[in-house]
Amino acid sequence: QVQLVESGGGLVQAGGSLRLSCAASGRTFSTYAMGWFRQAPGKEREFVAAISWDGDSKNYADSVKGRFTISRDNAKSTAYLEMNSLKPEDTAVYYCAADRWTGVAGIEADQYDYWGQGTQITVSS
């Protein structure tokens, strides 16, 4: 069983930056693809960003391209989401997820086997 723990959420003004971290337990983090998803109040969970097991492939939602950067440090079993130029519409609970099988930076939530508990991001205007 893999446990994922997100951190780094909080309140920020529009235009500001935050960095989320997702620490994973277990010894096989380096084989997992990792993804970030978010869910705003009253909306469905949506894809934000994903990174392949080796970090060579990344995918982003159109809404965050050029503003968010996903990365990983396999030595620390941690994935990151650097968020810049934040907008009020980025307000949501952000979840990290791990895919233990494919290693591919997928955009579908169904691909992911393990999920963190979520961390709240609130962007004020």
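Our structure's up above, just so we're on the same page.
None of the values given here were measured: they were computed from a predicted structure.

Participant: I tried to follow the pattern of salt bridges on my own but got confused; where do I start?
Facilitator: Two side chains of opposite charge can pair, provided their charged atoms sit close to one another. Counting across every chain of the model gives 4 salt bridges. One salt bridge connects Arg-38 with Glu-46, and the closest N-O pair in it is separated by 2.6 Å. The buried category is assigned to Arg-38, whose relative accessible area is 5%. Arg-38 serves as the salt-bridge partner of Asp-90, at 2.9 Å between the closest nitrogen and oxygen. You can see Asp-90 sitting in the loop between β8 (78–83) and β9 (92–99) and its partner Arg-38 sitting in strand β4 (residues 33–39), a full 52 residues away along the chain. Overlapping salt bridges, with partners in common, bring together Arg-38, Glu-46, Arg-67 and Asp-90 in one network.

Participant: Would you mind going over the state of the cysteines with me for this structure?
Facilitator: Throughout this description, disulfide means a covalent bond between two cysteine sulfur atoms. A full pass over the atoms with the stated rule returns 1 disulfide. Two residues share a disulfide in this structure: Cys-22 and Cys-96, whose sulfurs sit 2.0 Å from each other. Because the sign of the S-S torsion sets the handedness, a value of about 55 degrees for the bond joining Cys-22 and Cys-96 places this disulfide among the right-handed ones. With Cys-22 in strand β3 (residues 18–24) and Cys-96 in strand β9, this pair connects stretches of sequence that are 74 residues apart. In this pair, the class of Cys-22 matches that of Cys-96, namely buried.

Participant: Explain the packing of aromatic side chains here, please?
Facilitator: Remark: the centre distance and the inter-plane angle together describe each pair of aromatic rings, the angle taken between the planes. Counting across every chain of the model gives 4 aromatic pairs. With a centroid separation of 5.1 Å and an interplanar angle of 55 degrees, the aromatic rings of Phe-37 and Trp-115 are classed as tilted. Here Phe-37 is found in strand β4, whereas its partner Trp-115 is found in strand β10 (residues 114–115), with 78 residues between them in sequence. The buried category is assigned to Phe-37, whose relative accessible area is 2%. Taking 6.4 Å as the distance between ring centres and 70 degrees as the angle between the ring planes, the aromatic pair formed by Tyr-112 and Trp-115 counts as edge-to-face. Take Trp-115: its relative accessible area is 27%, and that puts it in the partly exposed class. Taken together, the ring pairs connect Phe-37, Phe-47, Tyr-112 and Trp-115 into an aromatic cluster. When the ring centre of Trp-115 is taken as origin, the NZ or CZ atom of Arg-45, which lies over that ring, is 4.6 Å away.

Parameters at a glance
- Within each chain, residue numbers correspond to sequence positions counted from 1 in written order.
- Local features in a predicted model are, by the rule used here, given only for residues with pLDDT of at least 70; side-chain atom pairs are given and counted only at 80 or more, and totals for whole chains, interfaces and linings are based on all residues.
- With hydrogens and water stripped out, all remaining heavy atoms of the structure feed into the side-chain values.
- The term salt bridge refers to a side-chain nitrogen of Lys or Arg lying within 4 Å of a carboxyl oxygen of Asp or Glu.
- Buried residues are those whose accessible area, probed at 1.4 Å on protein chains only, stays under 20% of the maximum for their type, while exposed residues exceed 50% and partly exposed ones sit between those limits.
- Secondary structure elements follow DSSP: runs of H or I of four or more residues count as helices, runs of E of two or more count as strands, with numbering from the N terminus.
- Sulfur atoms of two cysteines make up a disulfide when they are within 2.5 Å.
- By convention, a stacked pair of Phe, Tyr or Trp rings (six-membered ring in the case of Trp) has centres within 6.5 Å and planes under 30 degrees apart, an edge-to-face pair has planes over 60 apart, and any other such pair is tilted.
- Working rule: Lys NZ or Arg CZ, within 6 Å of ring centre, within 35 degrees of ring normal, means a charge sits over the ring.

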